[in-house]
Amino acid sequence: MSDVTPAGPVGGGTWAGPAAGGTGVGPAGGVTPAGPVAGVAPAGPVGSVIGARPTLVVVGATGAVGTVMLDLLSTRADVWGEIRLAASERSAGKTLRVRGDDVAVSALSAEVFEGADVAMFDVPDEVSAVWAPKAVRHGVVAVDNSGAFRMDPDVPLVVPEINPEQVTNRPRGIIANANCTTLSLIVAAGALHREFGLLEMVVASYQAASGAGQAGVDTLYAQLSKVGGTRSLGQRAGDLRGVVGDFGPFPAPLVLNVVPWAGSLKGDGWSSEELKIRNESRKILGLPDLKVSATCVRVPVVTTHSAAVHAVFATNVSREEAQRVLASAPGVVLADDPDNGEFPTPADVVGTDPTWVGRVRCSPDNPRALDFFVCGDNLRKGAALNTAQIAELVAAELTGRCSAL
């Protein structure tokens, strides 16, 4: 979901229950939405939906990521039978459109999981921590987009283009989705790792305002309205602070600025976002000793995260070899023609599904090192799409099909 825990569902309100217990021609030319990723051979038919379409529950359907999720459910291959929508008590009774039908939103309760098979959670950590295990107790496989279970050793952290086989390795009945910043780069990094053996990554992220939730988006637009047309701003130290007033969820003005901070403070000056890139990349790639150092920067972009990556591999790598691997990698679009000004930017990538990669070049000082730039929509592949892809793998397993989703 977003790279910080949202304050709650869109529209306010409190969550029900107790507090405990493709391919493309380049960003400017459009893109075919992210297509199939390799499926996983099921361990065997599971549950009561063999031969039938499983029932899905979308928890957090009214939030920003939930809204994208409903669009994906309406436009991707339809593998679901009944789709139920759940959200906070305040959102209960609303009607949302999914697969061309109007579906009423129910208040989150144990009853919404009865007879269901899979639940996708797009809610804050504390909500998932309570309700994902409750769903499992009702026989449901929980696919969680929060940070509540990502580093739990009994919960797989799945990116279908990289480790789809892990969907069956779920002793707690829960599968975790990675943080949006990690997802912005890991599909490309994983493809290169399979070919060359990744040893080290140094990452500088450029994270959009929507990563801080709706408050981040609202703050950026409010600040834009305050500085618009004022050509004298940004020329004296501190002048923006006096004009924009409210910083919202950011520690400094975001408009006409970049802010070298995202997340919460952890030990030794690191932010939570920076440690997520390190820890999640290690788990997803199965490389517990991978060297990762990240600096996370917030930029005045509404949606789509970017990252500059310096990667060191076990073998020598040429630019042409790296471009070949990236061009053929599932879920990646290579847009790398600097002679003609072609490379990914957030403004061209927003609203698309793949990870876009450009500026691929070899390090002049290390024949085993590569530098590249990636962009990915943090609400789609960075949240809703990856969750949907995981759930589709589970659906294939539950229906006894070995398919490419």
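This one's a predicted model, so the numbers in the text were calculated from it and none came from an experiment. (Residues numbered from 1 in each chain as written. Predicted model: local features only at pLDDT ≥ 70, side-chain atom pairs only at ≥ 80, totals over all residues. Heavy atoms only, no water.)

Considering the side chain of Asn 386
Step number 1: Relative to the helices and strands, Asn 386 resides in helix α9 (residues 380-398).
Step number 2: A distance of 3.0 Å separates the side chain of Asn 386 from the backbone oxygen of Val 158, its partner in a polar contact.
Step number 3: One polar contact links Asn 386 to Lys 381, side chain to side chain, over a distance of 2.6 Å.
Step number 4: Ignoring any residue separated from it by four or fewer positions in sequence, one finds Asn 386 in contact with Val 158, Val 159, Pro 160, Glu 161, Asn 177, Leu 183, Arg 380 and Lys 381. (Helix = DSSP H or I, 4+ residues; strand = E, 2+ residues; numbered from the N terminus. Polar contact = N/O pair within 3.5 Å; in protein donor to acceptor, adjacent residues only side chain to side chain. Contact = heavy atoms within 4.5 Å.)

Observations regarding the pairing of strand β3 (residues 56-59)
Step number 1: Judged by which residues are buried, β3 turns out to be covered on both faces: Leu 56 and Val 58 on one side and Val 57 and Val 59 on the other are all buried.
Step number 2: Relative to strand β4 (residues 83-87), β3 runs parallel, the two sharing four bridges. Pairing of Leu 56 across the sheet is with Ile 83, part of β4.
Step number 3: A crossover connection joins β3 to the parallel β4 through helix α1 (residues 64-75); in handedness this β-α-β unit is right-handed.
Step number 4: Relative to strand β7 (residues 118-121), β3 is paired through four bridges, and the arrangement is parallel. Note on β7: the bridge partner recorded for Val 58 is Met 120. (Buried < 20%, exposed > 50% of the residue type's maximum accessible area, 1.4 Å probe, protein only. Pairing = 2+ DSSP bridges. Right-handed = clockwise from strand over helix to strand, strands pointing away.)

Considerations on the sheet that holds strand β15 (residues 369-376)
Step number 1: One open sheet holds the six strands; their spatial order is β11-β10-β12-β15-β14-β13, and the pairing between them is mixed. The open sheet is flanked by β11 (291-298) and β13 (332-334), the only strands paired with a single partner. Pairwise comparison of adjacent strand axes, ignoring direction, gives a mean angle of 25 degrees for this sheet.
Step number 2: As judged from the three bridges shared by β13 and strand β14 (residues 355-362), these two strands associate in the parallel manner. Among the inter-strand pairings, Val 333 is bridged to a residue of β14, identified as Trp 356. (Axes fitted to C-alpha atoms, helices over the stretch in contact; angles between N-to-C directions.)

What to know about the pattern of salt bridges
Step number 1: Per the counting criterion, the structure on display carries 14 salt bridges.
Step number 2: Put simply, Asp 71 and Arg 380 hold a salt bridge, and the shortest N to O gap is 3.6 Å. A residue pair is termed long-range when its members are at least 10 positions apart, and Asp 71 in helix α1 and Arg 380 in helix α9 qualify at 309 residues.
Step number 3: Residue Glu 195 pairs with Arg 324 through a salt bridge whose shortest N-O separation is 3.4 Å. Within this pair, whereas Glu 195 is found in helix α3 (residues 180-196), its partner Arg 324 is found in helix α7 (residues 319-328), the two being separated by 129 residues in sequence.
Step number 4: Using a relative accessible area of 46% as the deciding quantity, one classes Arg 324 as partly exposed. (Salt bridge = Lys/Arg side-chain N within 4 Å of Asp/Glu carboxyl O.)

Here's the deal with the sheet that holds β7
Strands belonging to one sheet form pairs held by backbone hydrogen bonds; the direction of such a pair is parallel or antiparallel.
Step number 1: The sheet built from seven strands is open, its strands ordered β5-β6-β4-β3-β7-β8-β9 with mixed pairing. Sheet topology places β5 (95-98) and β9 (174-176) at the edges, where each strand pairs with a single neighbour. Mean inter-strand twist for the sheet, computed between neighbouring axes without regard to direction, equals 25 degrees.
Step number 2: Sitting on the sheet, α1 is in contact with β3, β4, β5 and β7, with an inclination near 40 degrees to β5.

Regarding the environment of Pro 288
Step number 1: One can find Pro 288 in the loop between α6 (272-285) and β11.
Step number 2: The exposed category is assigned to Pro 288, whose relative accessible area is 58%.

Here's the deal with the pairing of β7
Consecutive side chains along a regular strand alternate between the two faces of the sheet.
Step number 1: Where burial is concerned, the two faces of β7 agree: the one with Val 118 and Met 120 and the one with Ala 119 and Phe 121 are both buried.
Step number 2: Here four bridges tie β7 to strand β8 (residues 141-144), and the two strands are oriented parallel to one another. Bridge pairing links Phe 121 to Asp 144 in β8.
Step number 3: Between the parallel pair β7 and β8, the chain is carried across by helix α2 (residues 125-137), and the sense of this crossover is right-handed.

Overview of the confidence of the model for the protein chain
Step number 1: Taken residue by residue, the protein chain gives an average pLDDT of 89. The fraction at 70 or more is 86%.
Step number 2: pLDDT under 50 marks residues 4-49. Its contacts with residues more than four places away, or in other chains, come to 114 contacts. (pLDDT = per-residue confidence, 0-100.)

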